[in-house]
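Here's the letter readout for the chains.
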Amino acid sequence: MSAGKIIIREARAGDFGWVENLMQDTLESYYGGDHRAHAKRIFDAHIAGGIDRLGFFSFEQRMYIAEIDGERAGMIHLVGKRQSTYKISPLIVAPGFQGKFGLGNLLLEHVESYVRGQQARQLYCTVAEKNVTAMQFFLRKGFIRAGSSDSHYKAGVTETMLYESPRAYARGFALEI
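Residues numbered from 1 in each chain as written. Predicted model: local features only at pLDDT ≥ 70, side-chain atom pairs only at ≥ 80, totals over all residues. Heavy atoms only, no water.

Caption draft 1: The arrangement of the overall build of the chain in detail. Of the regular secondary structure elements, the chain holds four helices and seven strands. The secondary structure elements of the chain, listed N-terminal to C-terminal, are β-α-α-β-β-β-α-β-α-β-β. Here the chain, with 177 residues, has 47% of them falling under the buried criterion. Within the chain, contacts between residues separated by at least 24 positions form 57% of all contacts whose residues are at least 6 apart in sequence. When the accessible area of the chain is evaluated, it comes to approximately 8900 Å², of which 51% is carbon and sulfur surface. (Helix = DSSP H or I, 4+ residues; strand = E, 2+ residues; numbered from the N terminus. Buried < 20%, exposed > 50% of the residue type's maximum accessible area, 1.4 Å probe, protein only. Contact = heavy atoms within 4.5 Å. Areas by Shrake-Rupley, 256 points an atom, 1.4 Å probe, with all protein chains shown as cover.)

Caption draft 2: Seen up close, the environment of Leu 107. When you line up the elements, Leu 107 lands in helix α3 (residues 103–117). Overall, the relative accessible area of 0% leaves Leu 107 in the buried class. Considering only alpha carbons, one finds Leu 107 and His 77, 30 residues apart in sequence, at a separation of 9.6 Å. Those residues in contact with Leu 107 that sit more than four places away from it in its chain are Ile 8, Tyr 64, Ala 66, Gly 74, Met 75, Ile 76, Leu 91 and Ile 92.

Caption draft 3: Fine view of the sheet that holds strand β5 (residues 122–128). Reading across from one edge, β1-β2-β3-β4-β5-β7-β6 is the order of the seven strands in this open sheet, with mixed pairing throughout. What marks the edges here is a single partner per strand, and that holds for β1 (6–10) and β6 (143–149). Averaged over all neighbouring strand pairs, the angle between strand axes comes to 25°, with direction disregarded. Relative to strand β2 (residues 58–68), β1 runs antiparallel, the two being bridged by five bridges. Paired with Glu 10 across the bridge in β2 is Tyr 64. The strands touched by helix α1 (residues 16–27) within the sheet are β2, β3 (71–81) and β4 (85–93), with β3 carrying the most contacts at an inclination of about 80°. (Pairing = 2+ DSSP bridges. Axes fitted to C-alpha atoms, helices over the stretch in contact; angles between N-to-C directions.)

Caption draft 4: Region of the structure containing the packing of aromatic side chains. One pass over the full model with this rule turns up eight aromatic pairs. Taken together, a centroid distance of 6.2 Å and an interplanar angle of 85° make the contact between Tyr 86 and Tyr 114 edge-to-face. One end of the pair, Tyr 86, is in strand β4; the other, Tyr 114, is in helix α3, and 28 residues separate them in sequence. The exposure class of Tyr 86 is buried, given its relative accessible area of 2%. Where Phe 97 meets Phe 101, the ring centres are 6.3 Å apart and the plane angle is 50°; that geometry is what we call tilted. Taking the relative accessible area as the measure of exposure, Phe 97 reaches 7% and is therefore buried. (Phe/Tyr/Trp six-rings, centres within 6.5 Å; stacked < 30°, edge-to-face > 60°.)

Caption draft 5: Just the nonpolar core, in detail. Within the largest apolar cluster, 46 residues are counted, with the highest numbers of intra-cluster contacts made by Met 75, Ile 88, Leu 91, Leu 108 and Phe 138. The set of elements that each furnish at least two residues to this core consists of α1, α2 (35–47), β2, β3, β4, α3, β5 and α4 (132–140). Per element, the largest residue contribution to this core is six residues, and it comes from α3. For Leu 91, the residues in contact, after removing those within four places along its chain, are Met 75, Ile 76, Gly 104, Leu 107, Leu 108, Phe 137 and Phe 138. (Core = buried A, V, L, I, M, F, W, Y, C linked by side-chain atoms within 4.5 Å.)

Below, the structure is given as structure tokens:
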């Protein structure tokens, strides 16, 4: 499969089933909880103009879809938190597209550009330690480990918080640990 036309766009109402299945299939082995309900809540918040009526600590939510030649291939969800910080939650490239077209890079660059435009102080994410692929991706992108918890999402799963690295100062982010 060669890379055709790659676009990143905001999620639309017709994307829900695909997002729900992608989140369920990808997140189940790393996290406890109802991933379908989580997908519905964050998707509904995005469709409602970014307003999450249940996310008491967020002021906006955005979801973007990566497509290759019109086929959905990846997604990223961005949560604007208090104190002008943003959390990536989650970034997923569909299995058939992983490691082939740089979609994780493109999705990350897209949200980095967005949060710079919002004058964010910080960009961060959390990753299950056993999700080695995701952990290595964010570390390669210059994120640094800032802490971990062995009971944050699922008993027995160590979750690591990663922040954009100090080199991000040049791109407009401040790092606070």
